Amino acid sequence: MKDIFDNCQLGNLELKSRIIRTGLWESQHINNSRLTQDIYSRYKTIAESGVGLITTELIAMYPRDTFEKYTHKIYSVDFIHDFKKLTELVHEYDVPILAQLEFVNFNRGIDMNIDVNDLTMDDIRKIQTDLIMDAKKLSFAGFDGIQLALGNNFFLSRFINPYFNQRKDDYGQDTFGRMRIVLEAIKVIKDNYNLHVNIRINAYDGRKGGITEEESIKMCQLLEEYGADSIQITKPLSPLYFTHEEINNELIDYCDKLSENINIPLILGGGLTDKNRINSIINERNIDFVSMYRPFVAQKDFLLDWKENKESISRCKMCNNCYRRKNSTCYYFD
Ligand SMILES: Cc1cc2nc3c(=O)[nH]c(=O)nc-3n(C[C@H](O)[C@H](O)[C@H](O)COP(=O)(O)O)c2cc1C
Ligand code: SF4
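The rules we used
Residues numbered from 1 in each chain as written. Chains lettered and ligands numbered in written order. Predicted model: local features only at pLDDT ≥ 70, side-chain atom pairs only at ≥ 80, totals over all residues. Helix = DSSP H or I, 4+ residues; strand = E, 2+ residues; numbered from the N terminus. Rg over C-alpha atoms; globule rule 2.2 N^0.38 Å. Contact = placed C-beta atoms within 7 Å. Axes fitted to C-alpha atoms, helices over the stretch in contact; angles between N-to-C directions. Parallel < 35°, antiparallel > 145°, perpendicular 65-115°, else oblique. Left-handed = near helix turned anticlockwise from the far one by under 90°. Core = buried A, V, L, I, M, F, W, Y, C linked by C-beta atoms within 7 Å. Buried ≥ 20, exposed ≤ 12 C-beta atoms within 10 Å, placed from the backbone. Near = placed C-beta within 6 Å. Arc of directions from axis to C-beta. Nonpolar A, V, L, I, M, F, W, Y, C, P; charged D, E, K, R; others polar. Pairing = 2+ DSSP bridges. Right-handed = clockwise from strand over helix to strand, strands pointing away.

K.L.:
I'm lost on the overall build of the protein in this one. Help?
P.N.:
When helices and strands are counted, the protein shows 11 helices and 11 strands. Scaling as 2.2 N^0.38, a compact globule of 334 residues should have a C-alpha radius of gyration of about 20 Å, and the protein matches this with 19 Å. Viewed in the frame of its principal axes, the protein has a C-alpha envelope of about 55 × 45 × 35 Å. Considering only intrachain contacts with a sequence separation of at least 6, the fraction spanning at least 24 residues in the protein is 72%.

And the structure:
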């Protein structure tokens, strides 16, 4: 019988529970891109609560592409210094930590928001080189791995999607071609750095001509073949679709199907608030890990209550006010 608080392994990572605190955008004040004591305290509280793995807030790869003003920036001069302190702090609680790396738009000099179909070969090589060099930086900063955002609506999620990508060269045309930009980078990262590579990807796209469930499974197989260590499943417009728990059932069915087609661990997430329901899912379906986000916003250390059987349901109302206000603090409980 599996339990949320089992000691377990996610690829090469040792976890103290099956719960992954998934990524979010930073909304606490940062001074000139420096991490503040409030941010360190938040990570400390989450790390000591019994979480299995932490994924950071979004880390922007490029200037002028920051999601909002407090977004972490990998190109800031103090990045390694501040994040080394953060990874050391989290590691004190034997919790591994992944860096969520992404970009929303690609700019070439003064040309802003280049369309995926207009990227030149030089642009593609630049993106791949930046991914690889950023992985090196994250490794110096003490991260156990990276989470590459191929889901939601980030640039690379558009690049791999036939709805957007109509390229006629080797970086388009079919599933492999559209995935190639990422696959080649993952291979170099895995060959050179001791980093867990987790990929966050949409189960499907939902638009006519977009990624279907079948194609998404094929993409996950390619990711495994090129070295990805784990897959985290999401939906294109999360979290707005994750208001009611029932909505999540189709994602559970998808994960079941995916698990029959890949051999690396997969993480299900979105709309989960109930300990008993999570324990049923991990025991009745082919799913070993779940990701949660809003419950950690509503109460950073709710897992302590779950562990001690004081509570079994998160107090998060799934109202999405934190999302709408572009704020990772809770509308009701902060
Ligand atoms: C305020 C807020 C910010 C978010 N920021 C990100 C983000 O930067 N990257 C990401 O991949 N997902 C982001 N999400 C989506 C969450 O990671 C998660 O997938 C979603 O909230 C569903 O999971 P949950 O029901 O456990 O909250 C955000 C969600 C909220 C509410
Ligand atoms: S604002 Fe709403 S969705 Fe966000 S953490 Fe609070 S109760 Fe949950």
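K.L.:
Hey, could you run me through the packing of helix H1 (residues 37-47) against helix H2 (residues 79-91) in this one?
P.N.:
How two helices sit against one another is set out by the angle between their axes and by the gap between those axes. For the pair H1 and H2, the least separation of the axes is 9 Å and the interaxial angle reads 25°. One finds that H1 runs roughly parallel with respect to H2. Considering how the two elements wind past one another, H1 and H2 form a crossing that is right-handed. Of the residues in H2, those in contact with Tyr-40, Tyr-43, Lys-44 and Ala-47 of H1 are Leu-86, Leu-89 and Val-90.

K.L.:
How should the nonpolar core be read in this particular structure?
P.N.:
Soluble globular proteins: nonpolar side chains tend toward being buried together. Membership of the largest hydrophobic core comes to 88 residues, with the highest contact counts inside it found for Leu-53, Ile-54, Ile-146, Val-182, Ile-231, Ile-233 and Val-290. The element that contributes the greatest number of residues to this core is helix H5 (residues 175-192), accounting for 6 residues. Those residues in contact with Ile-231, other than ones at most four positions away along the chain, are Ile-199, Ile-201, Cys-220, Leu-223, Ile-262, Ile-264, Leu-266 and Ile-267.

K.L.:
Before we go on, may I ask you to explain the site of ligand 2 in this structure?
P.N.:
Taken together, 13 residues sit near ligand 2, with Cys-316, Cys-319, Cys-322, Cys-330 and Tyr-331 positioned nearest. Where the shell around ligand 2 is concerned, the elements lending two or more residues are helix H9 (294-298) and helix H11 (321-324). The biggest single contributor to the shell around ligand 2 is H9, with 3 residues.

K.L.:
Hey, could you run me through helix H7 (residues 249-259) in this one?
P.N.:
The α-helix winds at 3.6 residues per turn, so residues separated by three or four positions along the chain end up facing the same way. Taken together, the buried positions of H7 are occupied by Leu-251, Cys-255 and Leu-258. Taken end-on, H7 shows its buried residues confined to a sector of 60°, consistent with a single buried face. Residues of H7 that are buried sit in contact with helix H6 (213-225), strand S9 (230-234) and strand S10 (266-269).

K.L.:
Looking at this model, I keep getting lost on H1. Mind explaining?
P.N.:
Inspection of H1 places Tyr-43, Ile-46 and Ala-47 among the buried residues, and these make up the whole buried set. Down the axis of H1, the sector holding all buried residues measures 100°, keeping them to one side. Every exposed residue of H1 that faces more than 90 degrees away from the buried side is listed here: Gln-37 and Asp-38. Taken together, the buried residues of H1 touch strand S3 (19-21), strand S4 (53-60), H2 and H9.

K.L.:
Explain the packing of H5 against H6 here, please?
P.N.:
Where H5 meets H6, the axes come as close as 11 Å, and the angle between the chain directions of the two elements is 40°. By the angle class used here, H5 and H6 are oblique. For the crossing formed where H5 meets H6, the hand is right-handed. Contacts from Thr-175, Phe-176, Met-179 and Leu-183 of H5 reach H6 at Glu-215, Lys-218, Met-219 and Leu-222. Among the residues forming the contact of H5 with H6, the class breakdown is 5 nonpolar, 1 polar and 2 charged.

K.L.:
What is the right way to read the pairing of strand S11 (residues 289-292) from this model?
P.N.:
Each regular strand shows side chains that alternate between the opposite faces of the sheet. Every second residue of S11 is oriented toward a common face, with Phe-289 and Ser-291 on one face and Val-290 and Met-292 on the other, all of them buried. Pairing between S10 and S11: 3 bridges, direction parallel. Bridge pairing in S11 links Gly-269 to Ser-291.

K.L.:
It is not clear to me how the environment of Tyr-163 should be interpreted in this structure. Could you clarify?
P.N.:
Along the chain, Tyr-163 turns up in the loop between helix H4 (155-159) and H5. Residues in contact with Tyr-163, not counting those within four places in the same chain, are Asp-205, Arg-207, Gly-209 and Gly-210.

K.L.:
Mind showing me how you'd approach unusual backbone geometry here?
P.N.:
Excluding glycine, most residues fall at negative phi; most peptide bonds, likewise, are trans. At Asn-113, a position not held by glycine, the phi torsion is positive, near 50°. Following the sequence through the fold, Asn-113 ends up in the loop between strand S6 (97-102) and helix H3 (121-140). Since 12 C-beta atoms lie within 10 Å of it, Asn-113 is described here as exposed. For Asn-152, which is not a glycine, the phi torsion comes out positive at approximately 50°. For Asn-152, a count of 18 C-beta atoms within 10 Å translates into the label partly exposed.

K.L.:
Would you explain the environment of Phe-143 in this entry?
P.N.:
The topology assignment puts Phe-143 in the loop between H3 and strand S7 (145-150). With 81 residues separating them along the chain, Phe-143 and Tyr-62 place their C-alpha atoms 20 Å apart. Other than its neighbours up to four places away in sequence, Phe-143 contacts Thr-87, Ile-97, Leu-98, Ala-99, Leu-138 and Leu-195.

K.L.:
Got a minute to help me understand the pairing of S9 in this structure?
P.N.:
Counting buried positions along S9 gives 5 out of 5 residues, so the element sits mostly inside the fold. Pairing between strand S8 (residues 196-202) and S9: 5 bridges, direction parallel. For Asn-202, the partnering residue across the bridge sits in S9 and is Thr-234. For the segment spanning S8, H6 and S9, crossover handedness is right-handed. Sheet analysis places S9 next to S10, joined by 2 bridges and oriented parallel. Of the residues in S10, the one forming a bridge with Gln-232 is Ile-267.

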